[in-house]
Amino acid sequence: MLVLAIESSTSSAKALLYDPETGVVDSGRSAYGPELEQDGKTDTDGVFRLTMKTAAELVERHRERKGEIMAIGLCGTWHSLAVCNGKMEPESPTFSWNFPGTAPFCREIRKDRELTDRIYRETGCMPHGTYPRHALSYLRAEGMELADKKLVTQGGYHFYKLTGEFWETACTHSGSGLIDLDRRDYDAFILDHLGIRRDQLGALVSYRDTRPLNRKGAALLGLPAGIPVVPAHADGALNQIGNYAGRKGIMTLSVGTSGALRLSVDRPVVPAGKELWCYCGAEGWISGAAVAGACNCVDWFMETALGGRFRYEELEALPERTEDIPVFLPFLFGERCPGWRDDRRGGFLELSGRHTGAACYRALQMGILFSLYQCYEILCREWGEPGEIILSGGIANSAVWTQMAADIFGRDLLAADCANASSMGAAVLAMHGAGCLEDINSFKGDYELAVPVKCREENREYYDRQYRRYLEAYGGERA
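A quick note: this is a predicted structure, and the numbers were derived from the prediction, not measured. (Residues numbered from 1 in each chain as written. Predicted model: local features only at pLDDT ≥ 70, side-chain atom pairs only at ≥ 80, totals over all residues. Heavy atoms only, no water.)

1. Observations concerning helix 10 (residues 295-305)
To keep it simple, the criterion reads: Per-residue accessibility, obtained with a 1.4 Å probe over protein chains only, is compared with the maximum for each type, and a residue is labelled buried under 20%, exposed over 50%, and partly exposed between these values. Numbered from the N terminus, helices here are DSSP runs of H or I no shorter than four residues, and strands are runs of E no shorter than two. In this analysis, two residues are considered to be in contact whenever any of their non-hydrogen atoms come within 4.5 Å of each other.
Among the residues of helix 10, those classed as buried are Cys295, Asn296, Cys297, Val298, Phe301 and Met302. Buried residues along helix 10 sit in contact with strand 16 (250-255), helix 11 (312-315), strand 20 (327-329), strand 21 (347-349), helix 12 (357-383) and helix 13 (399-409). Directly after helix 10, the chain includes Gly307, whose backbone phi takes a positive value near 65°.

2. Considering the packing of helix 1 (residues 44-61) against helix 5 (residues 154-163)
Going by this rule: Throughout, an axis means a line fitted to C-alpha atoms (over the contacting stretch in the case of helices), and angles, computed between N-to-C directions, take values from 0 to 180 degrees. When the near helix sits turned anticlockwise from the far one by under a right angle, the crossing is termed left-handed; a clockwise turn instead gives a right-handed crossing. Throughout, the ten residues Ala, Val, Leu, Ile, Met, Phe, Trp, Tyr, Cys and Pro are labelled nonpolar, Asp, Glu, Lys and Arg are labelled charged, and all others, Gly among them, are labelled polar.
At a closest axis distance of 10 Å, the pairing of helix 1 and helix 5 adopts a crossing angle of 65°. Helix-helix and strand crossings are classified by hand; for helix 1 and helix 5 the assignment is right-handed. Taking contact as the criterion, the partners of Thr44, Asp45, Val47, Phe48, Thr51 and Met52 in helix 1 are, on helix 5, Gln154, Tyr157, His158, Lys161 and Leu162. Taken together, the residues of the contact of helix 1 with helix 5 sort by class into five nonpolar, four polar and two charged.

3. Remarks on the sheet that holds strand 4 (residues 37-38)
Heads up, the rule is: By definition, two strands form a pair when at least two bridges between them are found by DSSP.
Read across the sheet, five strands follow the order 4-5-8-7-9 without closing on themselves; strand pairing throughout is antiparallel. This sheet does not close on itself; its edge strands, each paired only once, are strand 4 and strand 9 (150-152). When strand 5 (residues 41-42) meets strand 8 (residues 94-96), the two strands line up antiparallel, connected through two bridges. The residue bridging Lys41 from the neighbouring strand is Phe95, located in strand 8. This element, helix 5, spans strand 5, strand 7 (80-84), strand 8 and strand 9 of the sheet and lies at about 110° to strand 9.

4. Comments concerning the pairing of strand 3 (residues 23-31)
In this structure, strand 2 (residues 12-19) lies alongside strand 3, joined through eight bridges in antiparallel fashion. Bridge pairing in strand 3 places Tyr18 opposite Val24. Between strand 2 and strand 3, which pair antiparallel one after the other, the connecting turn spans three residues.

5. Comments concerning the nonpolar core
Put simply, the rule is: The term nonpolar core refers to a set of buried residues drawn from Ala, Val, Leu, Ile, Met, Phe, Trp, Tyr and Cys, joined through side-chain atoms within 4.5 Å.
Of all hydrophobic cores here, the largest spans 98 residues; its most connected members are Val255, Leu261, Trp277, Phe301, Ile368, Trp401 and Phe409. Here the element with the most residues in this core is helix 12; it accounts for 17 residues. In this view, Val255 contacts Ala294, Cys295, Ile368, Leu372, Leu391, Ser392, Gly393, Gly394, Ile395 and Trp401; residues no more than four positions away in its chain are not counted. Membership of the second largest hydrophobic core comes to 30 residues, among which are Phe48, Trp167, Leu223 and Ala232.

6. Notes on the pattern of salt bridges
Selection criterion: We define a salt bridge as a contact between a side-chain nitrogen of Lys or Arg and a carboxyl oxygen of Asp or Glu at a distance within 4 Å.
What the rule picks out here adds up to 35 salt bridges. One salt bridge in this structure joins Arg465 and Glu461, with 4.0 Å as the shortest N-O distance. Taken together, the residues Arg465 and Glu461, both in helix 15 (residues 460-478) and four residues apart, mark about one turn of the helix. We classify Arg465 as partly exposed; its relative accessible area is 28%. Glu461 sits in the exposed class, given a relative accessible area of 59%.

7. Looking at the environment of Gly308
Inspection of the secondary structure assignment puts Gly308 in the loop between helix 10 and helix 11. According to the relative accessible area criterion, Gly308 is exposed, its value standing at 55%. The spatial distance from the C-alpha of Gly308 to the C-alpha of Trp383 is 42 Å, given a sequence separation of 75 residues. Residues within four places of Gly308 in sequence aside, it is in contact with Met302 and Glu303.

8. As for the side chain of Arg133
To be explicit about the condition: Counted as positive: Lys and Arg. Counted as negative: Asp and Glu, with His and the chain ends omitted from the count. For the purposes of these results, a polar contact is taken to be a pair of N or O atoms within 3.5 Å, where, inside protein, one atom must be able to donate a hydrogen and its partner to accept one; residues adjacent in sequence count only when each atom of the pair is a side-chain atom.
For Arg133, the location among the structural elements is in the loop between helix 3 (113-123) and helix 4 (135-141). One buried charged side chain, Arg133, makes no salt bridge at all; its nearest oppositely charged neighbour is Asp187, positioned 7.8 Å away. There is a polar contact of 2.8 Å between the side chain of Arg133 and the backbone oxygen of Gly177. Dropping the residues within four chain positions of it, Arg133 is found in contact with Leu81, Ile119, Thr123, Cys125, Met126, Pro127, Ser176, Gly177, Leu178, Ile190 and Leu194.

9. A short note on the packing of aromatic side chains
So the rule is basically this: Note on aromatic contacts: the rings of Phe and Tyr and the six-membered ring of Trp form a pair at centre separations within 6.5 Å, being stacked when their planes are under 30 degrees apart, edge-to-face when over 60 apart, and tilted otherwise.
Summed over all chains, the structure comprises 27 aromatic pairs. A ring pair is formed by Phe301 and Tyr361, whose centres lie 6.4 Å apart and whose planes are at 25°; its orientation type is stacked. Here Tyr361 lies in helix 12 and Phe301 lies in helix 10, a separation of 60 residues in the sequence. Phe301 gets classed as buried once you look at its relative accessible area, which sits at 4%. Between Phe370 and Tyr470 the ring centres are 5.8 Å apart and the planes differ by 50°, which places this aromatic pair in the tilted class. Here Phe370 is found in helix 12, whereas its partner Tyr470 is found in helix 15, with 100 residues between them in sequence.

10. Describing the side chain of Ser392
The residue Ser392 is located in strand 22 (residues 388-392) in this model. Apart from residues no more than four positions distant in its own chain, Ser392 is found in contact with Asn239, Asn243, Leu253, Ser254, Val255 and Ala416.

11. Considering unusual backbone geometry
Cis geometry marks the peptide bond from Cys337 to Pro338, where omega comes out at -5°. Mapping Pro338 onto the fold places it in the loop between strand 20 and strand 21. The backbone phi angle of Lys274 is positive, close to 60°, even though this residue is not glycine. Tracing the backbone shows Lys274 in the loop between strand 17 (259-265) and strand 18 (277-280). What makes Lys274 buried here is its relative accessible area of 18%. The backbone of Glu350 shows a phi angle near 55°, a positive value even though the residue is not glycine.

12. Description of the sheet that holds strand 2
Spatial ordering of the open sheet is given by 3-2-1-6-15-14, a layout of six strands whose pairing is mixed. The open sheet is flanked by strand 3 and strand 14 (211-212), the only strands paired with a single partner. Pairing between strand 6 (residues 69-76) and strand 15 (residues 228-234): four bridges, direction parallel. Within strand 15, the residue paired with Ile72 across the bridge is Val229. Its contacts with the sheet place helix 5 against strand 1 (2-8), strand 6, strand 14 and strand 15, and it is angled at close to 170° to strand 15. Sitting on the sheet, helix 14 (residues 421-433) is in contact with strand 1, strand 2, strand 3, strand 6 and strand 15, with an inclination near 135° to strand 1.

Structure, rendered in C-alpha cells:
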C-alpha cells in the first residue's frame, strides 16, 4: 500500500509517496514563482492548483501503483489566512508570516500592555506580524467588508476543495493566533476583538477525522474518489512527527528559510517575558521560538550583497576560528523571538574596510545561530535541557555551518536524514487514516539514519566570546 502527502509551504508545492514497508517511493516539488507569491502574499487558488498539479504528476509517474494509495495527508504552513466569499471562492490572497502590512496594527496593540498580555496568555501568540489574524485589520483598513466572508487557511482551503468540507484543525489555526491554548478551541475574546464570528471559520477537527476524496479532487489528482483525506495540519507540527520528535524532551532545530526551535510538551506554557510562542500540535502542544532570518539572509548576502560573484565553497574556505570578523544581526526581515519587533532591522556591525566577503559570510552564519541560541537558552530556562536536538533544513548543505551549530550549542546534535520532514509527518497522519499506524508518535522513519555531529569542546571558548559580542550588539542596538 501507499499513502500520498501533499504540502503547500511558504514558497513551494510538494508531494510525497510513501510505502510503509519500504519507505519513500518518490517526491516532487514546484516553486511558486513571483506570479503566485510576493511580499508575504500568495494566490490562494493558484497555490492550490499548482500543489494539485505537483501531486498529480507524482501520482502519474507511478500510475501502475496508484490503486495502492489508501489515504492522503495534507500539510500547510502554520501561518496563513485568506478571505473567501460564501461560495468559498477566494477574495483575497493568502497572508503569511512574512507579510509586512500588518506591522503598524501590531505596534498599536503592543502599546496596550494589558491587551497584549491577555492576547499572548490566551493564544501563545504575541501581537506581531507573524500571525495572519492581524491581516483582518489590514483588510478592513483597505476597505474590505468581512461580515459575510469565510476565513480559511491555505491547508483548510485545500481540504475544502478536495472533500467539500470546511474543516480546520486547532493545530493549524493556533499558528493563525485564533486558538485558546487551554481549550484547543477558537478563542472567544480574540474573535470578538477582531470582529469576526465563529461561523466564519471552519469546524475544528483532528487527524482522526477524515473525509472521502470527492470527484473533483479525484479528477485533479488522477485518483479514484473515496480515498480518505486527513485534514491539514501545520508544517512545524508535522516536522516534529516526521523527525520522531513528538516524544517529550526531544527538540528540533530547523534552519531553513527562517529558523525555529520546537519542543513537544504536555501542557501549554507562555513565559512571563513573552519571548517564546506556544501552539497546538497534532497532539499536545509545541513550545518554541522562531527567527525570521536564516537561509533567507544567506540568499540575500549571496545574491544581492555579493551580486552572485562567489561560490559557497570560496566563502567557506576561511579558517573557521578567526577573530577578525564583524557581528551580524539577522533581522533583515524583522525580529520574531525573543523581542517580537516587526520593525527591527539587521546588518553588520563592527564592519571595516579590511573585512572580506568570506569574513562577512562567516559572521552571517554565526549571527543566525547566535539568534537561535539566544532563544534556546530561554527554552532551557522554561523546560530544562532537551534529551536530544535534531537538526534539519538548508543548514545541512554546509558541513562547516552544521559543525558550527554543535559547537555554539555546546552539545552533540543529530543531523536529520529526512529532507522533507513536514511532508513525512503528513504521510504519518495518512498512515493513521489508512489504519496501518495506531500511534503517530511511534513513527521512526529515517531517525536511525540521523548523523551525529559532535561538539568540539576546544571551540567553546571561542564561540562563547563571539556570542558575548553578539549579545552586546543585540542589546546596544535595541537601546
